[in-house]
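Architecture at a glance
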Amino acid sequence: MVHVRVAGVALDATEQHVILLKPVGALPGVGNILPIWIGAQEASSILVAVEKAAVPRPLAHDLMISMLTELESLVERVEVTRLEGGTFFAEITLMTPAGVRIIDSRPSDAVALASRADAPIFVADDVMDDAGIADVLIEPEAEEAVEEFHRFLDDVEPDDFRE
């Protein structure tokens, strides 16, 4: 397993959200980075957690952390465990009063929870080998897209997510 951190959330050329996981301690522009494509709401949730941004009402992942706390449980770690047919799989390891529990998860939800719980994130070696790409410094266009997404987060209101 490779211990990773959230290096960023960005938009790709087709304006799809992607989370970038980078080995802990690796320098920018050096080594591999793991891109995982995720939904817009998950991207927002991860950015809110990573940036420790205040939100007027709890997001779904905040609710999950509150529930775990009330149940005297905590997120011990999350792992991106495998890649099958282009789909990433993850597991959340919980410490509960009844012992260790491992829960199947989408990587985006696992990372969002880990980011809120300050829990370590790991990627299986074979996943990083198979799907990791060379880390390159951010192109100016990509940096502009990230800044635009940050501006969106600054202006978004809870009512924007109501159905």
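Above: the structure in question.
Quick look at the structure, then.

Reading the values: rules and limits
Residues numbered from 1 in each chain as written. Predicted model: local features only at pLDDT ≥ 70, side-chain atom pairs only at ≥ 80, totals over all residues. Heavy atoms only, no water. Pairing = 2+ DSSP bridges. Helix = DSSP H or I, 4+ residues; strand = E, 2+ residues; numbered from the N terminus. Contact = heavy atoms within 4.5 Å. Axes fitted to C-alpha atoms, helices over the stretch in contact; angles between N-to-C directions. Phe/Tyr/Trp six-rings, centres within 6.5 Å; stacked < 30°, edge-to-face > 60°. Lys NZ or Arg CZ within 6 Å of the ring centre and 35° of its normal. Buried < 20%, exposed > 50% of the residue type's maximum accessible area, 1.4 Å probe, protein only.

Let's talk about the sheet that holds strand β8 (residues 133-134)
- With mixed pairing, eight strands are arranged side by side in an open sheet as β6-β5-β4-β7-β1-β2-β3-β8. Among the strands making up the open sheet, the edge pair consists of β6 (99-105) and β8.
- Bridging between strand β5 (residues 87-96) and β6 involves seven bridges; their strand directions are antiparallel. Counted as the bridge partner of I92 is I103 from β6.
- Packing against the sheet, helix α3 (residues 107-117) makes contact with β1 (2-11), β2 (17-23), β3 (32-38), β4 (74-84), β5, β6 and β7 (121-123), and its axis sits at approximately 40° to β5.

Structural notes on the packing of aromatic side chains
- Enumeration over the complete set of coordinates arrives at zero aromatic pairs.
- Over the face of the ring belonging to F122 we find R77, whose NZ or CZ atom lies 3.9 Å from the ring centre.
- The side chain of R82 reaches across the aromatic face of F89, ending 4.0 Å from its centre.

A word on α3
- Counted residue by residue, α3 has ten buried out of eleven residues, so it is predominantly covered.
- Buried residues of α3: P107, S108, D109, A110, V111, A112, L113, A114, S115 and R116, and no others.
- With its phi angle positive at about 55°, D118 sits one or two positions after the end of α3.

As for the pairing of β5
- In the sheet, β4 pairs with β5 via nine bridges, with the strands oriented antiparallel. Its bridge partner being in β5, V75 is matched across the sheet by L94.
- Hairpin connection of β4 to β5: two residues between the antiparallel strands, including G85 at a positive phi of 55°.
- Between the end of β5 and the start of β6, which pair antiparallel, lie two residues.

Any functional reading would require information that these geometric values do not contain.
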